[in-house]
Structure formats: structure tokens, C-alpha cells
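Each chain is listed here by its residues.
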Amino acid sequence: MEYTQLGSTGITIPRLCIGGMSFGRVFPDVHQWVIDQEATQEVIARALELGVNFIDTANVYARGTSEEFIGASLKNLGVKRENVVLASKVYFNEGHLSRAAIEREIDGALKRLGTDYLDLYIIHRFDYATPIEETMEALDSLVRSGRVRALGASAMYGYQLHNMQVAADAGGWTRFSSMQNHYNLLYREDERELIPVCRQYGMSLTPYSPLASGHLTRPTWDSDSVRSTTDATMRGKYDHERETDMPIIERVAEVAQRYGVPMADVALAWLRAKGADSPIVGCSRPSRVDDAVRALSLTLTQKEVAYLEEPYRAHGLVGPLARPEDAPLAGSRTERR
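**Let's talk about the overall build of the protein**
Then, in step 1: Check the secondary structure of the protein and you find 13 helices and ten strands.
Then, in step 2: Computed over its C-alpha atoms, the radius of gyration of the protein comes to 19 Å, within 12% of the 20 Å expected for a compact globule of 337 residues.
Then, in step 3: Seen through its principal axes, the protein has C-alpha atoms that stretch 55 × 45 × 40 Å.
Then, in step 4: Put simply, 80% of the contacts in the protein that link residues at least 6 apart link residues at least 24 apart.
Then, in step 5: When the accessible surface of the protein is split by element, carbon and sulfur atoms take 50% of a total near 14100 Å².

Here it is, written out as C-alpha cells:
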């Protein structure tokens, strides 16, 4: 396994991250494709065996049961806490990123994961209702208290990330060290502004949906998998660009055939070529971990990268939350005056 550093934190992470959205109990109104505790433990055991010791989850994944399953798995496997990098997120909860919400949600996450600290705590979205300074100071207090080692951000606009980093510097608070954004061959809008801001601040890129919810793993758009037939969120993210994106999928299939590898290998290799540090892959069984690790051995030429990218056309934004009409431009105290 290859490793790198999480931003400038000194925290070592593997070149792949296991996504916790695949873990948890099934609820009628949320993801139907999650796996149970036993299966979760099998996936995590195989990941650790292969050196993939970076696990990402969120307080809302399967209503918190993703965190519970991960915590139980690590305990059952006898994993030393220092040998795993744990990340969770906060936003889709009461109070979003207010000081009170952050304090409440970190305690809940730590309890469910069975640990007294997180290696990385990520804001799941930008909060228009809370002043930036309140959020950054509250997050910094988690670092100072030892409950969190490093901070990360997720899908947002480039100007929002920039303003939050500026606020952190002005207040003497901890900066964000990583960005978990929507990024793959079918969705590259963050190349325009968000990713350059991440590079400006030396942040690691840990993109979610590296395989576009499975669309980059098969030559056809639709499949009969449980996720494909039940995941309305996935359909909302991708179906409206189906005709635009199919030429890209066809090229991924072509390059994969040329190398004699699965299409997923090409999609992940493209992300590596674009500087992604640790893409987040969802694994429903141990063999999927093997597949993701195998993909690390494929290196695309610059000509192949350009060939895969050439059919791309601008997409509507999917990921960052739109600003409510009555919200201040960036949620800072200054703008509220």
C-alpha cells in the first residue's frame, strides 16, 4: 500500500479510503443497499489486512449506525486505535454548524465509534445560517481539547472555502487540511475554482463518488443492483446528464479493454493522475477492497488522460448547497452587519 500525508498535519493516510456510507442498518426511508455488522466487519478486516486503514463515515449515515458498526468492528477485531485513521462529519443535523451543534454531534460520533478522538472531523456542507467565525472557533476548540486531530471540509463553493480558511487564519484557529468533494470523470466542475483553492492551502483531496455511483464501472448506464434500483439520490446526481456522459463511459470501457482491466481501475487511475490523494471507495464485500487496491497499480499516460477527458461538457453543480435568498453571502459576522 502506498501512503501520503493528510495536508500538512503529519497524519499518514493510505492512497485509498474506505467509505462508511455502505455500512449500517436498513431504514425504510434511507439507503437500502447498506450491509450489516458482520459484513461491515469483514470489509474492514480485509481493508486493514491490505493496509487501507483510513475509514470515513458521518453522523447521518444509516442514522448513525454506520459509526456504530465501524466502532464495533474495530473493537471486535482488536485494532489498536493508533493504527487506524477515523473520519466523521457534521452538518446534516439540528443546528448544522453552530457551536452547540458541533459540541453535541462530536460527542455523539465519539460515543458511537467507541473512541475518545477522531483523526479527522469534516464539515459535511457549508452553513449559511451560522457565522463562519463561530464555526471555525468551535471546530478549533475540538482540536485544542484533543477530541479531533485535524479538520476537513466537504462539497462547497470555492469562495466559501477560501473565506473559512481566511477566518481561521485571522482568528488563530485550525485550518482545514482536506477536501472531500464530488469528483470523478463524469463530474469535474470543481476543477474550475474549488480544487485550485484547495491547492492554494495545501489541502489533501479525498473525493467522494470516484466511480460515479457505479456508472464508471460498466459500459451500460443502468444496472439491476439494489443501489441502482433504489437510490434516488444517485439518480438525481447523474441521470439528467446521461446523454452527455455516455461518450465518457464508452472511452473508459475502451481504455479498460486495452489494458485488460475492469473499468473501475481506469476511473481510479484517472483520479490519481489528477492529484487525488485518497479517493473514498464504498465496499460492500471484501473482494471490492481487493479491486480498489489493485487499481493502484495502473498508471495512465497523459495522452490517455486527455482522451478520457475530451468528451466532458459543463455540468450543473451537484454537491454544494445553493444559497437561500435570505442568507448572507458567506455567513460571516461582518456580512451580517
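**With respect to the side chain of Thr-65**
Then, in step 1: Mapped onto the secondary structure, Thr-65 falls in helix α2 (residues 65-76).
Then, in step 2: Polar contacts involving the side chain of Thr-65 include one to the main-chain amide nitrogen of Arg-25, which spans 2.9 Å.
Then, in step 3: With sequence-adjacent residues up to four places away left out, Thr-65 is seen in contact with Gly-24, Arg-25 and Phe-27.

**Section: the pairing of strand β7 (residues 148-154)**
Then, in step 1: The buried count for β7 comes to six of seven residues, which makes it a mostly enclosed element.
Then, in step 2: Bridge analysis of strand β6 (residues 118-123) against β7 gives five bridges, and the strand direction is parallel. Looking across to β7, one finds that Leu-120 is bridged to Ala-150.
Then, in step 3: What joins β6 to β7 is helix α4 (residues 132-144), and the crossover it makes is right-handed.
Then, in step 4: Summarising the sheet, β7 and strand β8 (residues 176-180) pair through four bridges and their orientation is parallel. Note that in β8 the partner of Gly-152 across the bridge is Ser-178.
Then, in step 5: Handedness of the β7-helix α5 (residues 158-171)-β8 crossover: right-handed.

**Description of the packing of helix α1 (residues 37-49) against helix α11 (residues 286-295)**
Then, in step 1: Two elements in contact, α1 and α11, have axes separated by 8 Å at closest approach and are oriented at 30°. Viewed along their axes, α1 and α11 adopt a mutual orientation that is roughly parallel. Our pair here, α1 against α11, has a crossing hand that is right-handed. The residues of α11 that touch α1, namely those facing Glu-42, Val-43, Arg-46 and Ala-47, are Pro-286, Val-289 and Asp-290.

**Things to note about the side chain of Asn-93**
Then, in step 1: Structurally, Asn-93 is set in the loop between β5 (85-90) and α3 (99-113).
Then, in step 2: Look at Asn-93 and you get buried, because its relative accessible area is 12%.
Then, in step 3: Setting aside residues up to four positions removed in sequence, Asn-93 forms contacts with Asn-59, Ala-101, Arg-104 and Glu-105.

**A closer look at the layout of surface pockets**
Then, in step 1: Considered as a void within the structure, the second largest pocket measures approximately 150 Å³ in volume.
Then, in step 2: Residue lining of the second largest pocket: Met-156, Tyr-157, Gly-158, Tyr-159, Glu-189, Asp-190, Arg-192, Glu-193, Leu-194, Leu-317 and Pro-320, and that is the complete set.
Then, in step 3: Its residues assigned to classes, the lining of the second largest pocket shows six nonpolar, one polar and four charged.

The rules behind these values
Residues numbered from 1 in each chain as written. Predicted model: local features only at pLDDT ≥ 70, side-chain atom pairs only at ≥ 80, totals over all residues. Heavy atoms only, no water. Helix = DSSP H or I, 4+ residues; strand = E, 2+ residues; numbered from the N terminus. Rg over C-alpha atoms; globule rule 2.2 N^0.38 Å. Contact = heavy atoms within 4.5 Å. Areas by Shrake-Rupley, 256 points an atom, 1.4 Å probe, with all protein chains shown as cover. Polar contact = N/O pair within 3.5 Å; in protein donor to acceptor, adjacent residues only side chain to side chain. Buried < 20%, exposed > 50% of the residue type's maximum accessible area, 1.4 Å probe, protein only. Pairing = 2+ DSSP bridges. Right-handed = clockwise from strand over helix to strand, strands pointing away. Axes fitted to C-alpha atoms, helices over the stretch in contact; angles between N-to-C directions. Parallel < 35°, antiparallel > 145°, perpendicular 65-115°, else oblique. Left-handed = near helix turned anticlockwise from the far one by under 90°. 1 Å grid on protein atoms, 1.4 Å probe; cavity = no way out; pocket = protein on both sides within 12 Å on 5 of 7 lines; lining within 4 Å. Points joined across faces, edges and corners; volume = space filled by probe spheres on them. Nonpolar A, V, L, I, M, F, W, Y, C, P; charged D, E, K, R; others polar.

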